[in-house]
Amino acid sequence: MTPPPSPSPSQALRIAYSPCPNDTFVFHAWAHGLVPGAPPLDVTLADIHLTNGMAERGELDVLKVSYAVLPYVLDRYALLPCGGALGRACGPLVLTAAAQNPVDLAGRTVAVPSERSTAYLLFRLWAATEVPGGVGEVVVMPFHEIMPAVRDGKVDAGLVIHEARFTYQGYGLHCVADMGEHWEAVTGLPIPLGAIVARRALGAETLHALADAARASVRMAWADPEASRAYVAEHAQEMDPAVAEQHIGLYVNEFTADLGEDGYAAVRGLLTRAAAEGLVPPLAPGALAFP
């Protein structure tokens, strides 16, 4: 598919990010024209498995995607050094209906939200060392269906992300493994989850303007959290406000404002390890460099 032409500087840039509280919190100021001098935006809200597909098809100018998708899109998109989601103690969890100690998932059926997700890469890297017999069938299902499926015995285990960290006990489920804990223990690095990418064809000047706008937007959100509250609540899919606050506190942090050395090391580490396991194509030299 031939990508659409680059917009002129006066046109709104087409951006897609998720309705999750961390994204609406981060982009509220920018999306509402509150960041002085920032490029205007034409916003689409879509779950990340949809934005991943948009990026692979080259459909929009700026997108929030899983870091797992970068090897498939970095020929067309540049990784912005800010705006995304990395952190510590915020990784995906493996849940079961009964406590299992030690974890025994050999030959078991595991539900995952996507095979093109960072959560899935972290899960596969964990399983490579912690499940010697290998897991059985991997079933892809919508995120909101995973915990009920585990609870009802439709699958043996589920890989969950985001606010499920705060709600899984309400389903009577047990956390038997934390992918983030494993990643941090092995690497000492933060957990890379979601990235912001922008089309390289926009040019270096515009890409830098986008990065500046993303940084300004998140800093404005931190400075006045009340300003974004209605926008976050509007798109939080009936999430409890307290859970939304926890979600934002966990996923919006110093790495959102700037990846920094540790952030870039985490991204390189994830994709290099995943490529060594045959999970993603290897990165080209310099692919992560910001123009």
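Quick summary incoming for the structure in this document. Remember, it's a predicted structure, so these values are computed and weren't measured experimentally. (Residues numbered from 1 in each chain as written. Predicted model: local features only at pLDDT ≥ 70, side-chain atom pairs only at ≥ 80, totals over all residues. Heavy atoms only, no water.)

### Section: the overall build of the chain
Convention followed: Secondary structure elements are defined from DSSP: runs of H or I of at least 4 residues count as helices, runs of E of at least 2 residues count as strands, and each element is numbered from the N terminus. Using a 1.4 Å probe on the protein chains alone, a residue whose accessible area is under 20% of its type maximum counts as buried, one over 50% counts as exposed, and one in between counts as partly exposed. Any pair of residues with heavy atoms lying within 4.5 Å of one another is described as a contacting pair. In this tally Asp and Glu are treated as negative and Lys and Arg as positive; neither His nor the chain ends contributes. Here the site of a charge means atom NZ of a Lys, CZ of an Arg, CG of an Asp or CD of a Glu.
Of the regular secondary structure elements, the chain holds 12 helices and 11 strands. Taking the principal axes of the C-alpha coordinates as reference, the chain spans close to 55 × 40 × 35 Å. Classification of the 291 residues of the chain by burial places 53% in the buried group. At a minimum sequence separation of 6, the contacts of the chain that also span at least 24 residues come to 80%. The average position of the 18 basic charges and that of the 31 acidic charges among the side chains of the chain differ by 5 Å.

### Section: the pattern of salt bridges
It is possible for side chains bearing opposite charge to pair when their charged atoms get close. So the rule is basically this: Only one rule defines a salt bridge in this text: a Lys or Arg side-chain nitrogen within 4 Å of an Asp or Glu carboxyl oxygen.
Counted according to the given criterion, the structure contains 12 salt bridges. With a closest N to O distance of 2.5 Å, E56 and R116 form a salt bridge. Of this pair, E56 sits in helix α2 (residues 48–57) while R116 sits in the loop between β7 (110–112) and α4 (118–130), placing them 60 residues apart in sequence. Residue E56 is classed as partly exposed on the basis of its relative accessible area of 33%. Between D61 and R199 there is a salt bridge, and its shortest N-O distance comes to 2.7 Å. You can see D61 sitting in the loop between α2 and β3 (62–66) and its partner R199 sitting in strand β11 (residues 191–199), a full 138 residues away along the chain. Exposure remark for D61: the relative accessible area of 0% places this residue in the buried category.

### Section: the side chain of D61
Basically, it comes down to this: Counted as a polar contact is a pair of N or O atoms within 3.5 Å, where, for protein atoms, one must be capable of donating a hydrogen and the other of accepting one, and residues adjacent in sequence contribute only when both atoms are in side chains.
For D61, the side chain forms a polar contact with the main-chain nitrogen of R14, separated by 2.8 Å. At a separation of 2.7 Å, a polar atom in the side chain of D61 contacts the side chain of R199.

### Comments concerning the environment of F166
Structurally, F166 can be placed in helix α6 (residues 164–167). A sequence separation of 45 residues divides F166 from A211, and the C-alpha atoms of the two residues are 31 Å apart. In contact with F166, other than residues within four places in its own chain, are V243, Q246, H247 and L250.

### Examining the packing of aromatic side chains
As a reminder, the rule being used: A pair of Phe, Tyr and Trp rings is counted when the ring centres sit within 6.5 Å of each other, with Trp represented by its six-membered ring. The angle between the planes then sorts it: under 30 degrees is stacked, over 60 is edge-to-face, the rest tilted. Counting as a charge over the ring demands two things of the Lys NZ or Arg CZ atom: a distance within 6 Å of the ring centre and an angle within 35 degrees of the ring normal.
Using the criterion set out here, one finds three aromatic pairs in the structure. For the ring pair Y17 and F27, a centre distance of 4.6 Å and an interplane angle of 15 degrees mean the geometry is stacked. Within this pair, whereas Y17 is found in strand β1 (residues 13–17), its partner F27 is found in helix α1 (residues 21–31), the two being separated by 10 residues in sequence. For the pair shown, Y17 and F27 are each scored as buried. Every member of this aromatic cluster is reached through a ring pair, and the members are Y17, F27 and W30. Positioned over the ring face of Y72 is R116, at 3.7 Å from the centre of the ring.

### Concerning the packing of α1 against helix α10 (residues 241–251)
Let me state the cut-off plainly: A fitted line through C-alpha atoms represents every axis, and for helices the fit uses only the stretch in contact; the resulting angles, taken between N-to-C directions, go from 0 to 180 degrees. Comment on the angle field: the value is read as roughly parallel under 35 degrees, roughly antiparallel over 145, roughly perpendicular from 65 to 115, and oblique elsewhere. As a working rule, the residues Ala, Val, Leu, Ile, Met, Phe, Trp, Tyr, Cys and Pro are called nonpolar, Asp, Glu, Lys and Arg charged, and the rest polar, with Gly in that last group.
Here α1 crosses α10 at 70 degrees, and the two axes come no closer than 8 Å. Judged by the inter-axis angle, α1 sits roughly perpendicular to α10. When α1 is examined against α10, the residues P21, N22 and F25 are found in contact with a partner set consisting of A244, H247, I248 and Y251. A breakdown of the residues in the contact of α1 with α10 according to their chemical character gives five nonpolar, two polar and no charged.

### A short note on unusual backbone geometry
Even without a glycine there, the phi angle at A89 is positive, about 55 degrees. Along the chain, A89 falls in the loop between β5 (85–87) and β6 (93–96). Given the relative accessible area of 47%, A89 is considered partly exposed.

### With respect to the nonpolar core
What counts is decided by this rule: Here, nonpolar core refers to any group of buried Ala, Val, Leu, Ile, Met, Phe, Trp, Tyr and Cys residues whose side-chain atoms link them within 4.5 Å.
In this structure, L63, Y67, L70, V94 and W126 are the most contacted members of the largest nonpolar core, which totals 57 residues. Among the elements that take part in this core, α4 stands out by supplying eight residues, more than any other. Apart from the residues lying within four places of it in its own chain, the contact partners of W126 are V94, V103, L105, V131, A177, M179 and H182. C82, A211, V218 and I248 belong to the second largest nonpolar core, which has 29 residues in total.

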